[in-house]
Structure formats: structure tokens, C-alpha cells
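Given next are the chains, with one letter for each unit.
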Amino acid sequence: AQSVTQLDSHVSVSEGTPVLLRCNYSSSYSPSLFWYVQHPNKGLQLLLKYTSAATLVKGINGFEAEFKKSETSFHLTKPSAHMSDAAEYFCVVSRYGNKLVFGAGTILRVKS
Amino acid sequence: NAGVTQTPKFQVLKTGQSMTLQCAQDMNHEYMSWYRQDPGMGLRLIHYSVGAGITDQGEVPNGYNVSRSTTEDFPLRLLSAAPSQTSVYFCASSPSFIKAPSTYGYTFGSGTRLTVV
């Protein structure tokens, strides 16, 4: 069975400093992995996805994630946080048949 | 381009009442699904459909019914609302069920915030 663990429920950074949101997954076969972002009172927006091609995946708004099979991790990073990055982020693994399994979410706070 | 449209955006129900959450997409997507979002639990799959006339249960189906009479619409029915169903509900669609999910993205609606008192 597939599952996702987001290691931090809340992360707080200062504007202009790096962002690291951690995600570990378990999967019985080669997974598809995604990061979604949800701004307050909004729907979910796809940031990036891992498609078993390049292990370093670049997404929108300067975010990227690296797939590390040996560590079963898919951490999300950004070199420099912006106030508009404050949101909740979800790491997601796909199961057979198009079903998504969501992590519990990480709330990112950006301090000015 | 509307994408996935959910109505209503907010709803308050009394325990025992019934209601239908609407979801419509105009992208001719084959796959549609309903999720509920609760604090600290991410999103959990309630029901999904792989095409008109075909539905199946997800992770947390109890207390909910769905139908898919057209490709465009996928309503979610609460038969007898309970406080445990207080949540934010999201509808999501994807072009294909058979092909790997990495091939296509998912389009999410903006959500329905439901409170059962």
C-alpha cells in the first residue's frame, strides 16, 4: 500500500531564506509523486510532479523537489521564500487507478 | 474556461438533513472524484467515477452517495447529515483513469465548506 508522511506540520521561515518541506513515501512499486499547494480558502494547485524521468523536478514559482529512491523521500525546496509562498503544502503519491493518497499537509509561514 | 465548478461554496446543515453538493467540469474529463479535507489528515477519497454510469467507493464512503449520469456532472449526496461530516469537500477531475496519473494532472474545484450543527 502507498502512504505519505510529511515530517513537519508547520514550518516557519523568514522572507528571503530557503524553504525545505520534507516528505517521505512508501510504495510497493515505482510511484508517481506530486506536490500541491493550497492558499487560504482556495482550491489545490499543482506545484510539480515526479514522472520517473529526471529525479530533480522543477515546478512553478521557483519550487523544486528531488526524488531519492534510496531514502524514499521527495522533499520540496525553494532557495528564497516570498511572502506569497505562505500556504499549506501537500505531498501526494498516486495509487493504482488514478487514486491519490495525500499527506497530512505542512503549513508554511513566511515572516517579514 | 470554467474547469471544475463546485456549488455551493458554503453550507450549514442541521443534523439529519440531506443535501447535494454539485460538481461540474467542462473539460470532457473521464475521471471525477470527491475528497474531504480535515485538519491534520490531508485529503481523503470519498467516491470516484471512471466514466458516465460507473462509480466506486473510496477510502471514506459511508454516509455519502454519488451518481454519474453525464460526463460533466458528479454530484455528492449526504443522505442524513452528521456533525462528523463537517469538512471541506473538493471535487477533482482528470482526463483519463486508465493512463498513469503522472501523464495527466488533476484539476481541483475551489471547494465546498460544509458545517453540520
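Residues numbered from 1 in each chain as written. Chains lettered and ligands numbered in written order. Predicted model: local features only at pLDDT ≥ 70, side-chain atom pairs only at ≥ 80, totals over all residues. Heavy atoms only, no water.

Q: Quick question: what am I supposed to make of the environment of T72(A) here?
A: Residues and elements named next belong to chain A. Topologically, T72 is positioned in the loop between β8 (64-68) and β9 (73-78). Sequence separation of T72 and K42 is 30 residues, and the distance between their C-alpha atoms is 30 Å. Residues in contact with T72, not counting those within four places in the same chain, are C23, N24 and Y25. (Helix = DSSP H or I, 4+ residues; strand = E, 2+ residues; numbered from the N terminus. Contact = heavy atoms within 4.5 Å.)

Q: Is there a simple way to explain the pairing of strand β10 (residues 87-94) of chain A in this structure?
A: For a regular strand, the rule is simple: side chains alternate between the two faces of the sheet. All names here are of chain A. By the criterion of burial, β10 is predominantly enclosed, with seven of the eight residues buried. Relative to β10, strand β5 (residues 33-38) runs antiparallel, the two being bridged by six bridges. Paired with L33 across the two strands is V93, which belongs to β10. Bridge analysis of β10 against strand β12 (residues 106-111) gives three bridges, and the strand direction is antiparallel. Among the inter-strand pairings, Y89 is bridged to a residue of β12, identified as T106. The pairing of β10 with strand β11 (residues 100-102) spans three bridges and is antiparallel. (Buried < 20%, exposed > 50% of the residue type's maximum accessible area, 1.4 Å probe, protein only. Pairing = 2+ DSSP bridges.)

Q: Looking at this structure, I do not really get the confidence of the model for chain B. What am I missing?
A: The predicted structure's coordinates, where accompanied by low pLDDT, should not be read in detail. A residue-level look at chain B finds 93% of positions with pLDDT of 70 or above and a mean pLDDT of 91. Averaged pLDDT values over the elements of chain B bottom out at 89 in strand β10 (residues 107-108) of chain B and peak at 98 in strand β8 (residues 76-78) of chain B. (pLDDT = per-residue confidence, 0-100.)

Q: Whenever I open this one, the side chain of R68(B) confuses me. Can you help?
A: All names here are of chain B. Inspection of the secondary structure assignment puts R68 in the loop between β7 (64-66) and β8. The buried charged residue R68 lacks any salt bridge partner; its closest oppositely charged side chain belongs to E72, at an N-O distance of 7.5 Å. Side-chain polar atoms of R68 contact the backbone oxygen of H29, separated by 3.1 Å. Excluding residues that lie within four positions of it along the chain, R68 makes contacts with Q25, H29, E30, M32, S49, V50, G51, A52, G53, T55, D73 and F74. (Lys, Arg positive; Asp, Glu negative; His and termini not counted. Salt bridge = Lys/Arg side-chain N within 4 Å of Asp/Glu carboxyl O. Polar contact = N/O pair within 3.5 Å; in protein donor to acceptor, adjacent residues only side chain to side chain.)

Q: Looking at this structure, I do not really get the interface of chain B and chain A. What am I missing?
A: The partner chain A presents 21 residues to the 23 residues of chain B that form the contact. Around 1700 Å² of area is buried between chain B and chain A when both sides are counted, 55% of it from carbon and sulfur atoms. Put simply, chain B and chain A have zero salt bridges between them. At the boundary of chain B with chain A, the tally comes to one residue pair in polar contact (both at pLDDT 80 or more). Residue composition of the side of chain B that touches chain A, by class: 12 nonpolar, 10 polar and one charged. (Buried area = accessible area lost by both parts, 1.4 Å probe. Nonpolar A, V, L, I, M, F, W, Y, C, P; charged D, E, K, R; others polar.)

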